[in-house]
Amino acid sequence: MLKNIKSVGVLVAICSVIALLLALTNQITAPIIEKNSAAAANKALLEVMPEGKGFEQVDMSKYTLPATVTEAYKETSGKGYVIKLTTTGYGPGMVIMCGVSADGKVTGAVCLSSNETLSKEKEYGKVFAGKDAAAVEATDTIGGATMTTGAYKNAIKDALTSAKVLGGENVDVRTPEQIFQDNLAAALPAGEGKFTKMFLTEVLEGVDAVYSADNGAGYVAIVGEEFAGIEAEAPTAYPAIADAIKAMTESTLTDVDLTAYEGIHKNVTSAKKTAGGNYVLEVKGAGYGIVGGDEYHPASGEYIVIRVSMTADGKIIDCLTVSQAETPNLGSVCGDESFSSRFDGKTEADIPAVEGIGGATMTTDGYKTAILRCFAAVQILEGGAE
Amino acid sequence: MRKDSNLDVLTKGILKENPVLVLILGTCPTLATTGTVDGAVGMGLAALAVLLCSNVFISLLRNIIPETMRIPCYIVIIAGFVTIVKLFVQAYLPDLYATLGVYLDLITVNCIILGRAEMFASKNPVVKSALDGIGMGIGFTIALTAMAIVREVLGNATFAGNSIAFLEPYKISFLTKAPGGLLVYGLLIALVYVITKGKAPLKKSFSCAGCPNAATCHTACTEKGDEQ
């Protein structure tokens, strides 16, 4: 028993001595280690904010910041903020450090690590130096790396927004899509936040787009910056728009026999005439262009199917991509409403200038060619080449 | 039994009883940290410091530490000194600290350290234990450095991070990988065998009696000894 107590006593004594030595060592090394760690962290921060004197990490829990922001540092002399972001392109992975000056301009941006296929976009961060939010928005993405550089650009925008939030400004950090959906819901609360974009077959004066509530509660018309809520069964502040929508939804479309006309391209598969004298056409677009006089799509064998409504005098009312099987994340962008809506209100002469899809020139060309064939078809239909 | 002089104690670890190339101890850090000369030298010197301190401390306490409690005591002492060395490296050599990573902590379980504590420091006076620690540490460092030179120069066409341009087209990248490290390790063991043939205590070292833990492993050692 005594032997055991002695053994334990020796071990305890040795542990105590070692603990004392460790405490002494820690006393000596802790400040140096802390200084080294701060210097290492500052090195990365200084790269994007060379003017910075010192940085302190910001407690992000006190702020509502964009989801891409992972860390935020405040320059101690008030020169601005450095924001660390993790963003997505083809997949999660780009870690970007962005410095933002006190006056809201990018002081520098670097990509610290990435799982993506970075080549010339590796240096992309440099183009943002000295730019404010508007200039960043106007910065071009790199063709062939649209998704990656687009994500990079969005991250920089998030960094600028974050710096504003951290600086105490009241900034909306929701995504544009979230903001849009919130606006729809606010314009027509009875719609319970679920809306579907309507395909317009008639010209609704001043109206850019109409969304119908999925539960049938009514419509929201986008009039410039305004979201006009129109309840189905209640008086509305927008009677003219309400009547126009009602007329459009209640009118019947008349089939047009395309075989009765010569010269209409075979890819224009159907045409209907509206009560207002407009046309609704469906056309097939070939994403991979034209080979040997015909069009084909080697990847999927499927065409892009586009629905276009157009006035008799050749002005697009609405454009919708019905189906597509283009390359994911590249040509597939043609299926997004953000792309098809670029054709709204355009005439034949405007089509070549419509902004294409970065990195998907063939898809863009195929799409535009199909739209131009609709113009040609309407001209024939109106010209009476029967 | 012949008593080794202080010089013998200091020098035997360098070649004759080199812990890595003759006693085949510390294989894990040997393979892991010999990709670069910097890392190998750093690991060798860190292990040397821990060996020296733990040998001296254990030798000082050899008459106090009870037989039944010696392994926990040795581990506490070794782990303590490893942490002390780690903190100093982290403070004063941050680049080396980043290079060695977790292997610095793993010196705690490096069998060279526990082996010398059990085999030598617990039975010998302070000066000889210190010399043993220094000698074994130097031997460990030399072995690691030699291996790292082969792997880095031939595998990566660099020496301590400096490019060797004329070797660039001929570099054998395989050597920088783990299997390449094992190959170089084997070749160096063979080389030391050739150099020390008849001199190194190979039979003893490779048999059960040569195990650094032989003294603590009475049953196994007796059984193995009987077999021989």
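Scroll up for the structure.
Remember, predicted model here, so these are calculated numbers, not experimental data.

Focus on the overall build of chain B
Looking only at helices and strands, chain B has 11 helices and 2 strands in total. Taken from N to C terminus, the helices and strands of chain B fall in the order α-α-α-α-α-α-α-α-β-β-α-α-α. Among the 228 residues that make up chain B, the fraction classed as buried is 42%. A sequence separation of at least 24 residues applies to 75% of the contacts in chain B between residues at least 6 apart.

Topic: the overall build of chain A
From N to C terminus, chain A includes 7 helices and 16 strands. When burial is assessed residue by residue, chain A has 34% of its 386 residues classed as buried. Looking at chain A alone, contacts between residues at least 24 apart form 51% of all its contacts between residues at least 6 apart.

Things to note about the interface of chain A and chain B
With 15 residues of chain A at the contact, the number on the chain B side is 17 residues. Broken down by class, the residue content of the side of chain A that touches chain B amounts to 9 nonpolar, 5 polar and 1 charged.

Brief notes about the pairing of strand β11 (residues 268-273) of chain A
All names here are of chain A. With 2 bridges connecting them, strand β10 (residues 254-255) and β11 associate as antiparallel partners. From the neighbouring strand, Asp 255 faces β11, where its bridge partner is Lys 272. Of the pairings in the sheet, the one linking β11 to strand β12 (residues 279-285) comprises 5 bridges and is antiparallel in character. Each bridged residue has a counterpart across the sheet, and for Val 268 the counterpart in β12 is Val 283. Between the end of β11 and the start of β12, which pair antiparallel, lie 5 residues, with Gly 277 showing a positive phi angle near 85°.

Quick notes on the packing of helix α3 (residues 37-60) of chain B against helix α8 (residues 126-156) of chain B
Residue and element names in this part refer to chain B. α8 packs onto α3 with a crossing angle of 165° between their chain directions and a minimal axis gap of 8 Å. Here α3 is positioned roughly antiparallel relative to α8, judged by the angle of their axes. Crossing of α3 against α8: the hand is right-handed. Across the contact of α3 with α8, the residue classes tally to 21 nonpolar, 9 polar and 2 charged.

Side note on the sheet that holds strand β8 (residues 218-223) of chain A
The strands that make up a sheet pair up through hydrogen bonds in the backbone, lying either parallel or antiparallel. All names here are of chain A. Taken together, the 4 strands give an open sheet; going across it, the order is β6-β7-β8-β9, and neighbouring strands pair in antiparallel fashion. In this open sheet, the two strands that pair with only one neighbour each are β6 (195-197) and β9 (226-231). Adjacent strand axes in the sheet meet at a mean angle of 25° when their direction is disregarded. As paired elements, β6 and strand β7 (residues 209-213) share 3 bridges and run antiparallel to each other.

A short note on α3(B)
For α3(B), spanning 24 residues, the distance from its first C-alpha to its last is 34 Å, which sits close to the expected 34 Å at 1.5 Å a residue. Burial of α3(B) is extensive: 19 of the 24 residues sit out of reach of the surface.

Quick look at the environment of A:Ala151
Along the chain, A:Ala151 turns up in helix α3 (residues 146-166). Through-space distance from the C-alpha of A:Ala151 to that of A:Thr141 is 9.3 Å; in sequence the pair is 10 residues apart.

Considerations on the pairing of β7(A)
Residue and element names in this part refer to chain A. The buried count for β7 comes to 4 of 5 residues, which makes it a mostly enclosed element. The pairing of β7 with β8 spans 4 bridges and is antiparallel. When the sheet's bridge partners are listed, Tyr 211 is paired in β8 with Val 220. Hairpin connection from β7 to β8: 4 residues lie between these consecutive antiparallel strands, with Gly 216 at a positive phi of about 75°.

A look at the sheet that holds β10(A)
Residue and element names in this part refer to chain A. Taken in spatial order, the 5 strands of this open sheet run β10-β11-β12-β15-β16, and their pairing is antiparallel. The sheet terminates laterally at β10 and β16 (316-323), the two strands that pair on one side only. Packed on one face of the sheet, helix α7 (residues 361-383) meets β11, β12 and β15 (304-310) and runs near 140° to β12.

Side note on helix α1 (residues 2-48) of chain A
Every α-helix winds through 3.6 residues per turn, so residues three or four apart in the chain are directed the same way. Residues and elements named next belong to chain A. For α1, which comprises 47 residues, the first-to-last C-alpha distance of 66 Å matches the rise-based estimate of 69 Å (1.5 Å per residue) to within 8%. Where α1 bends most, the angle comes to about 40°, and this point is Thr 29, followed within four residues by the proline Pro 31. Regarding α1, the residues found buried are Ile 14, Ile 18, Leu 45 and Val 48.

Comments concerning unusual backbone geometry
A positive phi angle is found at A:Glu192, which is not glycine, with a value near 55°. Relative to the helices and strands, A:Glu192 resides in the loop between α4 (176-187) and β6. Although it is not a glycine, B:Ile24 adopts a positive phi angle of roughly 55°. Within the secondary structure, B:Ile24 sits in the loop between α1 (6-12) and α2 (27-32). Look at B:Ile24 and you get partly exposed, because 16 C-beta atoms sit within 10 Å.

Topic: the packing of α3(B) against helix α4 (residues 70-92) of chain B
When two helices pack together, their arrangement is given by the angle between their axes and by how far apart the axes lie. Residue and element names in this part refer to chain B. Put simply, α3 and α4 touch, their axes get as near as 9 Å, and they point 140° apart. Our classification of the angle between α3 and α4 gives oblique. Pair α3 / α4 crosses with right-handed handedness. Residues Ala 46, Ala 49, Val 50, Cys 53, Ser 54, Phe 57 and Ile 58 of α3 form the contact with α4, whose participating residues are Tyr 74, Ile 77, Ile 78, Phe 81, Val 82, Val 85 and Val 89. Of the residues contributing to the contact of α3 with α4, the split by class is 13 nonpolar, 1 polar and no charged.

What counts as what
- Residue indices follow the written sequence of each chain, beginning from 1 at its first position.
- Chains and ligands are labelled by the order in which they are written, letters from A for the one and numbers from 1 for the other.
- The predicted origin of the model limits local features to residues at a pLDDT of at least 70 and limits the giving and counting of side-chain atom pairs to 80 or more, whereas totals for whole chains, interfaces and linings rest on all residues.
- By the criteria applied, helices consist of DSSP H or I runs no shorter than four residues and strands consist of E runs no shorter than two, each listed in order from the N terminus.
- Exposure is read from a count of other C-beta atoms within 10 Å of each residue's own; the residue is exposed at 12 or fewer, buried at 20 or more and partly exposed in between. C-beta atoms are placed from the backbone.
- For the purpose of contact definition, each residue receives a C-beta atom placed from its backbone, and two residues are in contact when these atoms lie within 7 Å.
- Each residue is assigned to one of three groups, with Ala, Val, Leu, Ile, Met, Phe, Trp, Tyr, Cys and Pro labelled nonpolar, Asp, Glu, Lys and Arg labelled charged, and all others, Gly among them, labelled polar.
- Any two strands with at least two DSSP bridges between them are considered paired.
- Axis definition: a line fitted to C-alpha atoms, limited for helices to the stretch in contact. Angles are taken between N-to-C directions and run from 0 to 180 degrees.
- Any angle that falls under 35 degrees is termed roughly parallel, while one over 145 is termed roughly antiparallel, one within 65 to 115 roughly perpendicular, and all others oblique.
- Definitions for this section: a left-handed crossing has its near helix turned counterclockwise from the far helix by less than a right angle. A right-handed crossing has that turn clockwise.
- In a helix, the anticipated span is given by 1.5 Å times the number of residues less one.
- In this scheme, the bend at a residue equals the angle between the axes fitted to the seven residues that finish there and the seven that begin there.

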